[in-house]
Each structure stands twice: as C-alpha cells, then as structure tokens.
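Chain by chain, the residues:
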There are 2 protein chains.
Amino acid sequence: MAETVLSSGLEDYLECIFNNIEKNGSVKAIEISKELGVSRASVTDALHRLAEKQYINYERYGKIEITKKGTEKAKEVIDKHVILTNFFETILNLNHEEASENACRIEHVITKNAFKNLKEFTQQHK
Amino acid sequence: MAETVLSSGLEDYLECIFNNIEKNGSVKAIEISKELGVSRASVTDALHRLAEKQYINYERYGKIEITKKGTEKAKEVIDKHVILTNFFETILNLNHEEASENACRIEHVITKNAFKNLKEFTQQHK
DNA sequence: TATGGTTGTTAGTCGTATCTAACATTTATA
DNA sequence: TATAAATGTTAGATACGACTAACAACCATA
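No experiment lies behind these values; they were computed from the predicted model shown. (Residues numbered from 1 in each chain as written. Chains lettered and ligands numbered in written order. Predicted model: local features only at pLDDT ≥ 70, side-chain atom pairs only at ≥ 80, totals over all residues. Heavy atoms only, no water.)

## A look at the overall build of chain A
We apply this condition: Only DSSP runs of H or I reaching four residues or more are called helices, and only runs of E reaching two or more are called strands; each is numbered from the N terminus. In this treatment the radius of gyration is a C-alpha quantity, and the globule benchmark scales as 2.2 Å times the residue count to the 0.38 power. Relative accessible area decides the class of each residue, using a 1.4 Å probe on protein chains only: under 20% of the type maximum gives buried, over 50% gives exposed, and in between gives partly exposed. The contact definition used throughout considers only heavy atoms, calling two residues in contact when any of these lie within 4.5 Å. By the counting scheme adopted, Arg and Lys are positive, Glu and Asp are negative, and His together with the chain ends is not counted. Where a charge lies is defined by one atom per residue type: Lys uses NZ, Arg uses CZ, Asp uses CG and Glu uses CD.
For chain A, the helix and strand inventory stands at six helices and two strands. Moving toward the C terminus, one meets the helices and strands of chain A in the order α-α-α-β-β-α-α-α. Expected size for 126 residues packed as a compact globule is a radius of gyration near 14 Å; at 15 Å, chain A falls within 12% of this value. Overall, the C-alpha framework of chain A stretches about 50 × 30 × 20 Å when taken along its three principal axes. The 126 residues of chain A split such that 43% are buried. Partitioning the intrachain contacts of chain A with sequence separation of at least 6 by distance along the chain shows that 55% fall at a separation of at least 24. The distance from the centre of the 18 positive side-chain charges to the centre of the 20 negative ones in chain A is 3 Å.

Have a look at this one:
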C-alpha cells in the first residue's frame, strides 16, 4: 500500500482530476480522456492504479473523488507546473504554450533541490 | 525503419556507447550494464532496439559499432547534457553531481526552443 | 588444449501504459 | 417509460523496459 512514487503518467492524470474538481466540483472519465488525449479505456486503467495507491476514491461507474493524499500530491505537481511555466516564460522568453509544455515534461523529473533553486531564482529575477 | 524519435532509455544507452567508444575505442555490454546500473540482459535488449533503428551496428557476440546516425544523435544528447549541467551548476548553484543528474533527466524531454534559449541564457550569465 | 571464469544471449516473467472492439451501464429524451 | 446516445468497463493485443535463471560463447591460463 501507500506508494510514495508516482509515475509521470499517473501524475498527469491526478493533476487533471484535481484541476477539474476544483473548477467544476467533479470530473468524468471522458473529460480526462479528452484533456489528456488518451482513450476512455486508458482512463479506466489509470483510475484503478490511482485508487490502488489511494490517491483517489473510485468505484465502478462511481464518482471520482480525490483523497487527502491525492490532493497534496496534485498541489505539489501543480506548484511545480506553475513555477516552471513562469521560469520558461519570464526568464527564457518562451510563449505561454511552449513554456507550459516544457513545464509539463520537466515537473515529473526535476529534483527537489533543483526545483527549489529554480523557484528562488525565478522569484528574484522577475 | 529509421525511427526519428528515441526513448529516454535508449538515448541513455546510446550516450554511454558513444562516450565509451570515444574514450577507449570500443564498448562492451558489461561496461554499459555497470555504468547504467542495469542487467546484462537489459543491455542485450537495448542493443537490439538500437540496431533495429540503425543507431548502431551489432551482431550476436559481435563488436558494438555506432553508425553515423547514432553518432549525430549521441552528440546532440551529450551537447544537451553538458549545457544543462552547466546551467544547473553556474546559474542554480547545484553541485556537479546533482546538476548532472538533473541534466540527465531533462535532456530527453526539453523542447528545441527551450534548450536553445537556455543555452544562450547560460552563456550570457556565466 | 582443456577448463574455468567472464561475458553475452535467450526464454520467460512482470509492470506500465497504451490501443481497439465489444459489451455494460447510465442518462437524456422522444 | 422505452429507447437511443453517451459514457464507462472489460478483454485481449502491443510495445517498452526491466528482471532472473539458465545456457552459450569467448578468452585467459594452467
């Protein structure tokens, strides 16, 4: 139980779930499917894996709910996403879309320290 | 044939192969295995996949040779690795090891533009 | 040159992540 | 409320990338 490491892929699903619940109060698998550009079947798989690791509560045909653990994780990922996007926009002068694209790729792999220093650097040079 | 996209994993193998050939004139599977921390069997698998995509020439029990295509790709990856390591060391003040670790993770996912701008930025601020 | 140690390969397994096609359930509406 | 459309699930396939265990080939040396 209680895995501490989440693959890039699952982090993306979790991020999407969190954002949709924040915005609309709920999420549907088909929304995740469309936003992430994957099949409905892949979403079902991912929901199983996330539920198994207790990042969400989920039952067959049931409502998708995010747990406390899931919320914390999602916020972490989103925090990284925002800071990284900001870095690529303001420091490296990329347009928002490409900045976000790079953030999305890097947020899953950058180390804690590197992110911390990048965050400080960005704050000091804005 | 002739795949243009190479997975992170295979890029690591190719980088390792190139570096060893540069340094010693040849590579052995067991060296790759030790440097990348994977089993000898995984190396054999990777060699098959790299050969299939024509980044290396390779035959059962034979010498591992890197092709022109492989050399170009390896140089690209290594260029990214060096610049990124430099960025994390000089701009974000990480020690060499952690800088290199982050470079290794990010070199496979950063976009062309983002890398170009990061390279220029690093050059201007050293 | 026979033999043992080193290195390389194969076969089989596992987990992740994706897909399509077929089927099940839910929801909306005629 | 019956039916159709939308949504969700399952089963089965594929690919990647890793592993162990067993076997094959190579090479050094006694």
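Continuing now.
## Quick word on the environment of C16 of chain B
Residue and element names in this part refer to chain B. Following the sequence through the fold, C16 ends up in helix α1 (residues 8-24). When the C-alpha atoms of C16 and A46 are compared, they prove to be 12 Å apart, with 30 residues separating the residues in sequence. Non-local contacts of C16, meaning those with residues more than four positions away in its chain, are made with I32, E35 and L36.

## Quick look at the interface of chain A and chain B
Reports of interface size often rely on the accessible area that becomes lost once the parts have come together. To be explicit about the condition: What gets called buried area is simply the loss in accessible area from a 1.4 Å probe that two parts show on being joined, summed for both. Distance and chemistry together define a polar contact, namely a pair of N or O atoms within 3.5 Å, with one atom able to donate a hydrogen and the other to accept it when in protein, and with adjacent residues in sequence counting only for side-chain atoms on both sides. Under the grouping applied here, Gly and all other residues not named as nonpolar or charged are polar, the nonpolar ones being Ala, Val, Leu, Ile, Met, Phe, Trp, Tyr, Cys and Pro and the charged ones Asp, Glu, Lys and Arg.
Every contact between the two is made by 19 residues of chain A and, on the other side, 19 residues of chain B. Note on chain A versus chain B: buried area summed over both sides is about 1,600 Å², and carbon and sulfur give 66% of it. Our count for the contact surface shared by chain A and chain B stands at ten residue pairs in polar contact (both at pLDDT 80 or more). Those elements that place two or more of their residues in the side of chain A that touches chain B are α4 (68-91), α5 (96-106) and α6 (112-124) of chain A. Each residue belonging to the side of chain A that touches chain B can be placed in one class, and the counts come to eleven nonpolar, five polar and three charged.

## Side note on the protein's contact with DNA strand D
As a reminder, the rule being used: If even one non-hydrogen atom of a residue comes within 4 Å of a molecule or strand, that residue is called near it.
As a matter of local geometry, DNA strand D sits amid 21 residues, with I30 and Y58 of chain A together with S7, S39 and S42 of chain B nearest to it. Each atom of DNA strand D within 4 Å of the protein was assigned to sugar, phosphate or base; sugar and phosphate come to 67%. Here a phosphate oxygen of DNA strand D and a side-chain polar atom of R60 of chain A are 3.0 Å apart. For the surface near DNA strand D, the secondary-structure elements that each account for two or more residues are α2 (29-36) and α3 (40-52) of chain A together with α1 and α3 (40-52) of chain B.

## A short note on the protein's contact with DNA strand C
In the neighbourhood of DNA strand C, 22 residues make up the surrounding shell, with S7, S42 and D45 of chain A together with I30 and Y58 of chain B lying closest. The sugar-phosphate backbone supplies 67% of the atoms of DNA strand C found within 4 Å of the protein. A distance of 2.4 Å separates a phosphate oxygen of DNA strand C from a polar atom in the side chain of S42 of chain A. At a separation of 3.0 Å, a phosphate oxygen of DNA strand C approaches a polar side-chain atom of T44 of chain B.

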